[in-house]
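Tertiary structure, described
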Amino acid sequence: GHAVPHRVTRVAIIAGALPLTEPGVFDELPSMDRVLTRASQRVPRLAAQWFRLMGFAAGAAPTLYGRLAARELGPADGAVLRGDGFAAFADMTREALRQPAGAVEEYRAWMRPWGFAPEELTVPVDVWAGTADELVDKSWPPRLASRIPNATLNIRDGGHFMAHLHYREIFDALTR
């Protein structure tokens, strides 16, 4: 939306973060994300081994992996995982971590400066967040929406995976 506003008509930010390079924002992340981010920056090979182990666990014991993830993610996201089946989540995790260096790079990338401030966005933006998201600081969605000119804040039932429950409404908003 920022790089090619002449080609983008609308943006959806779903369970998004504030720029992590801004003062104090990184400290608002869940502890596991802080650990994985720092490990990815400082000891990327060790972080890759951690992601490789997670992928292996998801493949070796998919139901157990899914149940543990559901417990850690909170009740709202746990319900989404149970609804799809724990094995489906384990399969997605295993595929996402098939190349552990990619997960390391994701954690490194989100700590880089965006190259623009949210206030500089000119295309319409919808910020979507779940009421029970335990991975995104509750203050982030309204803070982000308030900084983006003409943004619309959409708070809905659900957790971090709220898009799974509200995908039709999100797609409809994108086509407005």
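The structure under discussion appears in the preceding block.
Described below are features of the structure shown in this document.

Calculation criteria
Residues numbered from 1 in each chain as written. Predicted model: local features only at pLDDT ≥ 70, side-chain atom pairs only at ≥ 80, totals over all residues. Heavy atoms only, no water. Helix = DSSP H or I, 4+ residues; strand = E, 2+ residues; numbered from the N terminus. Rg over C-alpha atoms; globule rule 2.2 N^0.38 Å. Buried < 20%, exposed > 50% of the residue type's maximum accessible area, 1.4 Å probe, protein only. Pairing = 2+ DSSP bridges. Axes fitted to C-alpha atoms, helices over the stretch in contact; angles between N-to-C directions. Contact = heavy atoms within 4.5 Å. Right-handed = clockwise from strand over helix to strand, strands pointing away. Patch = residues over 30% accessible without salt bridge, like charges linked within 9 Å, V, L, I, M, F, W, Y side chains within 5 Å. Areas by Shrake-Rupley, 256 points an atom, 1.4 Å probe, with all protein chains shown as cover. Salt bridge = Lys/Arg side-chain N within 4 Å of Asp/Glu carboxyl O. Parallel < 35°, antiparallel > 145°, perpendicular 65-115°, else oblique. Nonpolar A, V, L, I, M, F, W, Y, C, P; charged D, E, K, R; others polar. Phe/Tyr/Trp six-rings, centres within 6.5 Å; stacked < 30°, edge-to-face > 60°.

When you go through the chain residue by residue, the secondary structure sums to eight helices and three strands. Beginning at the N terminus, the succession of helices and strands in the chain can be written as β-α-α-α-α-α-α-β-α-β-α. Computed over C-alpha atoms, the radius of gyration of the chain comes to 17 Å, within 12% of the 16 Å expected from 2.2 N^0.38 for 176 residues, which places it in the range of a compact globule. Referenced to the eigenvectors of the C-alpha coordinate spread, the extents of the chain come out at roughly 45 × 35 × 30 Å. Counting all 176 residues of the chain, 36% fall into the buried class.

A separate point is the pairing of strand β1 (residues 11-14). The side-chain alternation of β1 yields one buried face, formed by Val11 and Ile13, and one unburied face, formed by Ala12 and Ile14. Direction of pairing for β1 relative to strand β2 (residues 125-130): parallel, over a ladder of four bridges. In the strand pairing of β2, isoleucine 14 is matched with tryptophan 128.

In spatial order, the strands read β1-β2-β3; together these three strands make up an open sheet with parallel pairing. Of all strands in the sheet, those with a lone pairing partner are β1 and β3 (152-156), marking the two edges. Direction aside, the axes of adjacent strands within the sheet are offset by 20° on average. The strands touched by helix α7 (residues 140-147) are β1, β2 and β3; relative to β3, the strand with the most contacts, the crossing angle is about 165°. Strand contacts of helix α8 (residues 162-174): β1, β2 and β3, with the helix running at about 165° to β2, the strand carrying the most contacts.

The next thing to look at is the pairing of β3. For a regular strand, side chains alternate in direction, first toward one face of the sheet and then toward the other. Bridge analysis of β2 against β3 gives five bridges, and the strand direction is parallel. Residue valine 127 lies in a different strand from β3, and its bridge partner there is leucine 153. A crossover connection joins β2 to the parallel β3 through α7; in handedness this β-α-β unit is right-handed.

A few words on a nonpolar patch on the surface. On the surface, Met32, Val35, Trp50, Leu53 and Phe56 cluster together into a nonpolar patch covering about 530 Å² of accessible area. Of all elements in the fold, only α1 (31-42) and α2 (44-60) reach the threshold of two or more residues within the nonpolar patch. A total of three residues in the nonpolar patch trace back to one element, the largest contributor, which is α2. Among the structural elements, valine 35 can be located in helix α1.

Orientation of α1 relative to helix α6 (residues 100-109), taken along the N-to-C sense of each, is 105°, at an axis distance of 8 Å. As the angle between them shows, α1 and α6 are arranged roughly perpendicular. In this structure, α1 uses Asp33, Leu36, Thr37, Ser40 and Gln41 to contact α6, whose residues at the interface are Val104, Tyr107 and Arg108. Residues belonging to the contact of α1 with α6 are distributed by class as follows: three nonpolar, three polar and two charged.

Under the defined criterion, the tally for this structure stands at six aromatic pairs. Seen from their ring centres, tyrosine 107 and tryptophan 110 are 5.7 Å apart, and the 85° between their planes marks the pair as edge-to-face. The class for tyrosine 107 is buried, based on a relative accessible area of 17%. Both rings, one in tyrosine 167 and one in phenylalanine 171, keep their centres 6.3 Å apart while their planes meet at 70°; by these two values the pair is edge-to-face. With tyrosine 167 and phenylalanine 171 both in helix α8 and four residues apart, the pair spans about one turn of that helix. You can call tyrosine 167 partly exposed: its relative accessible area is 45%. Each member of the aromatic cluster is reached from another via a ring pair, and the members are Phe51, Tyr107 and Trp110.

These values are about where atoms sit, not about what they do.
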